[in-house]
Amino acid sequence: MLKIDMIQIGDQLPVREFTPDNIQLFLYDAALWNAHRIHYDYQYATEIEGYPGLVVPGPLMGDWLTQCAIEWAGDAGELVHANYSNRQYACVGEVLRSQGTVMSLSREKREVTLDINIVNAADDILAPGQFVIRFNKI
């Protein structure tokens, strides 16, 4: 189990890889009631909006970022702050990945601040985020 005493500034989080597909976009957008056609209508997304394919919903990338923080902390901590923004779009079939770093820590508060990004194959940052994990007293 991860403990705050084991963590150092600069520690890297495990990299996760994501390759969104049409079905994932459909199910995610249906759950959110997001009916924007760029996420499910290929012809509309490419011919009308000018995208190269179906666009991955920004909130989905935010959810991936949050999952990375929560999975890293495991049962040892809880997410107490999350902030992210979508800077660039991604399309179905692109291989995306998360990368994260411990940016600061307070042993007194038992809190760790993480910078986590979703990046594409060219290492462009699509969705940067900052997350704070508070570790349990054990």
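Quick caveat, the model's predicted, so the values are computed rather than measured.

What counts, and at which threshold
Residues numbered from 1 in each chain as written. Predicted model: local features only at pLDDT ≥ 70, side-chain atom pairs only at ≥ 80, totals over all residues. Heavy atoms only, no water. Helix = DSSP H or I, 4+ residues; strand = E, 2+ residues; numbered from the N terminus. Buried < 20%, exposed > 50% of the residue type's maximum accessible area, 1.4 Å probe, protein only. Areas by Shrake-Rupley, 256 points an atom, 1.4 Å probe, with all protein chains shown as cover. Lys, Arg positive; Asp, Glu negative; His and termini not counted. Charge placed at Lys NZ, Arg CZ, Asp CG, Glu CD. Core = buried A, V, L, I, M, F, W, Y, C linked by side-chain atoms within 4.5 Å. Contact = heavy atoms within 4.5 Å. Salt bridge = Lys/Arg side-chain N within 4 Å of Asp/Glu carboxyl O. Patch = residues over 30% accessible without salt bridge, like charges linked within 9 Å, V, L, I, M, F, W, Y side chains within 5 Å. Expected span 1.5 Å × (residues − 1). Axes fitted to C-alpha atoms, helices over the stretch in contact; angles between N-to-C directions. Parallel < 35°, antiparallel > 145°, perpendicular 65-115°, else oblique. Nonpolar A, V, L, I, M, F, W, Y, C, P; charged D, E, K, R; others polar.

Participant: For the overall build of the protein chain, give the residues involved together with the corresponding values.
Facilitator: Counting secondary structure elements, the protein chain contains three helices and five strands. When its helices and strands are written in sequence order, the protein chain yields β-α-α-α-β-β-β-β. Along the first, second and third principal axes, the C-alpha atoms of the protein chain reach 55 × 30 × 20 Å. The buried share of the protein chain, taken over its 138 residues, is 40%. Total accessible area on the protein chain stands at roughly 7,800 Å², and carbon and sulfur atoms take up 50% of it. Averaged over its 10 positive side-chain charges, the protein chain has a centre that lies 12 Å from the centre of its 18 negative ones.

Participant: Give me the lowdown on the nonpolar core, citing residues and values where you can.
Facilitator: Trp72 and Leu114 are the most contacted members of the largest nonpolar core, which totals 33 residues. Secondary-structure elements contributing two or more residues to this core are helix H1 (22-32), helix H2 (42-48), helix H3 (58-73), strand S3 (96-106), strand S4 (111-119) and strand S5 (125-135). At eight residues, the largest contribution of residues to this core is made by H3. When neighbours within four sequence positions are excluded, Leu114 is seen to be in contact with Leu13, Ala69, Trp72, Thr101, Val102, Met103, Gly129, Gln130, Phe131 and Ile133.

Participant: Pulling in residues and values, what's your account of the pattern of salt bridges?
Facilitator: Opposite charge on two side chains permits pairing when their charged atoms draw close. For the coordinates displayed, the defined rule picks out four salt bridges. The residue Asp41 makes a salt bridge to Arg37 at a minimum N-O spacing of 2.9 Å. Judged by relative accessible area, Arg37 falls into the partly exposed class, the value being 38%. Linking Asp123 and Arg97 is a salt bridge whose minimum nitrogen-to-oxygen distance equals 2.2 Å. Remark: Arg97 occurs in strand S3 and Asp123 occurs in the loop between S4 and S5; sequence separation between them is 26 residues. Judged by its relative accessible area of 23%, Arg97 is partly exposed.

Participant: Requested: an account of a nonpolar patch on the surface, with residues and values cited.
Facilitator: On the surface, Ile23, Phe26 and Leu27 cluster together to form a nonpolar patch covering roughly 340 Å² of accessible area. Its location among the elements puts Phe26 in helix H1.

Participant: An account of H3 is needed here, citing residue identities and associated values.
Facilitator: In a regular helix each residue adds 1.5 Å, so 16 residues correspond to 22 Å; H3 covers 23 Å between its end C-alpha atoms and thus fits that length. Among all positions in H3, only Gly58, Leu60, Met61, Gly62, Trp64, Leu65, Cys68, Ala69, Trp72 and Ala73 are buried. In this fold, the buried residues of H3 make contact with strand S1 (16-18), H1, strand S2 (77-84), S3, S4 and S5. Following H3 by one or two positions, Gly74 has its phi on the positive side, about 60 degrees.

Participant: Can you tell me about the packing of H1 against H3, naming the residues and giving the values?
Facilitator: Packed helices, taken two at a time, are described by the angle between their axes plus the distance between the axes. Packing of H1 against H3 brings their axes to within 10 Å, and their N-to-C directions diverge by 95 degrees. If you check the angle between H1 and H3, you find them roughly perpendicular. Contacts between H1 and H3 involve Gln24, Tyr28 and Leu32 on the former and, on the latter, Pro59, Leu60, Asp63 and Trp64. A per-class count over the contact of H1 with H3 returns five nonpolar, one polar and one charged.

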